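Here's the letter readout for the chains.
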Amino acid sequence: MPSATPHASSRERMLDAALLVMRERGLANTTTKLIAAQAGLSEAMLYKHFADKQQLFLSVLEERTPRAQLDPLPVDPGDLAAGLAGLVVSLMAFFTSTFPIAASIFGSPALLAEHREGVAAHGSGPAHVVDGVRAHLDAEREAGRLRADADTESAARLLVGAAFHRGFLAAFEGLDAVPDAELIAAGIVDVVLSGLLPVAG
């Protein structure tokens, strides 16, 4: 396993090391001791930058994996479909990259509960992705670009769920990215928008 970049700051080295260890071992089998050793630093140094393993995990997701572009959402009001397709592409990349890291935690109910509580304590969690997409769709509805009765919660779940499934399939196949991601995303968005756009005439 390659080591973290030796000349980076201690925090950057910890993030690099955490990503390497988490990808190789999965979150369930990753310890702060392994991460510190991979970074060539002490555990005490790790805890100077991160409160716990959950905060470190969230920082890895935020700074070392493809971003799920939620804040702000990259949607052009002049081309809502293209903007939402770009969002779905970013979600697929995010899920493809992070699924192999997080999947192992589901093998242990006790570790999953610990992780769930730790992530919630930092004000985060997987539900926030759907919440972010829904908030954007709500704004589009208020701007009149979606129907007044558009079910934005269901639409957000469909967009995120479809992206998650494609990311899972790519990870299952050992791929680093979803093949034809842009084409797939455009199709997903086209179907979802058909139930949200105002009816002409």
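This text follows the structure it describes.
Here the structure is a predicted model, which is why all the values come from computation and not from measurement.

(A) Spotlight on the overall build of the chain. The helix and strand inventory of the chain stands at nine helices and zero strands. Helices and strands appear in the chain in the N-to-C order α-α-α-α-α-α-α-α-α. Expressed as a percentage of its 201 residues, the buried residues of the chain come to 39%.

(B) Highlighting the pattern of salt bridges. The full count for this structure, using the stated rule, is eight salt bridges. In this structure, Asp138 engages Arg134 in a salt bridge whose closest nitrogen and oxygen atoms are separated by 3.8 Å. Of the two residues, Asp138 and Arg134 are both situated in helix α7 (residues 127–142); the distance of four residues between them amounts to about one turn of the helix. You can call Asp138 buried: its relative accessible area is 16%. A salt bridge links Glu153 to Arg157; the shortest N-O distance between them is 2.9 Å. One end of the pair is Glu153 and the other is Arg157, both in helix α8 (residues 152–172) and four residues apart, which spans about a single turn. The class for Glu153 is partly exposed, based on a relative accessible area of 31%. Within the structure, one salt-bridge network assembled from shared partners comprises Arg134, Asp138, Arg141, Glu153 and Arg157.

(C) Geometry of unusual backbone geometry. Residue Asp180 is not a glycine yet carries a positive backbone phi of 55 degrees. Locating Asp180 in the fold gives a position in the loop between α8 and α9 (181–193).

(D) Structural view of the environment of Glu63. Note that Glu63 resides in helix α4 (residues 53–64). Looking at Glu63, the relative accessible area reads 35%, which means it is partly exposed. Separated by 47 residues in the primary sequence, Glu63 and Asp16 have C-alpha atoms spaced 9.6 Å apart. Setting aside residues up to four positions removed in sequence, Glu63 forms contacts with Arg11, Glu12 and Leu15. Side-chain polar atoms of Glu63 contact the side chain of Arg11, separated by 2.8 Å.

(E) Examining the environment of Leu197 more closely. With respect to the helices and strands, the residue Leu197 is situated in the segment after α9. Residue classification places Leu197 among the partly exposed positions, given a relative accessible area of 37%. A C-alpha to C-alpha distance of 7.9 Å links Leu197 and Ala150, two positions 47 residues apart in sequence. Among all residues touching Leu197, those that are not within four sequence positions of it are Leu80, Arg145, Leu146 and Arg147.

(F) How the structure looks around the layout of surface pockets. Estimates place the volume of the second largest pocket at around 250 Å³. In terms of lining residues, the second largest pocket is bounded by 16 residues, among which Thr96, Ser97, Leu175, Asp176 and Ala177 are the most central. Tallying contributions element by element places helix α5 (residues 80–102) first for the lining of the second largest pocket, with seven residues. A per-class count over the lining of the second largest pocket returns eleven nonpolar, three polar and two charged.

(G) Fine view of α7. Along its 16 residues, α7 runs 23 Å from first to last C-alpha, staying within 8% of the 22 Å computed at 1.5 Å per residue. All of the buried residues along α7 are Val129, Val130, Val133, His136, Leu137, Asp138 and Glu140. As for α7, its buried residues are in contact with α5 and α8. Two residues or fewer past α7, Gly144 is found with a positive phi of approximately 85 degrees.

Conventions adopted
- Residues numbered from 1 in each chain as written.
- Predicted model: local features only at pLDDT ≥ 70, side-chain atom pairs only at ≥ 80, totals over all residues.
- Heavy atoms only, no water.
- Helix = DSSP H or I, 4+ residues; strand = E, 2+ residues; numbered from the N terminus.
- Buried < 20%, exposed > 50% of the residue type's maximum accessible area, 1.4 Å probe, protein only.
- Salt bridge = Lys/Arg side-chain N within 4 Å of Asp/Glu carboxyl O.
- Contact = heavy atoms within 4.5 Å.
- Polar contact = N/O pair within 3.5 Å; in protein donor to acceptor, adjacent residues only side chain to side chain.
- 1 Å grid on protein atoms, 1.4 Å probe; cavity = no way out; pocket = protein on both sides within 12 Å on 5 of 7 lines; lining within 4 Å.
- Points joined across faces, edges and corners; volume = space filled by probe spheres on them.
- Nonpolar A, V, L, I, M, F, W, Y, C, P; charged D, E, K, R; others polar.
- Expected span 1.5 Å × (residues − 1).

None of the figures reported here should be taken as evidence of function without further support.
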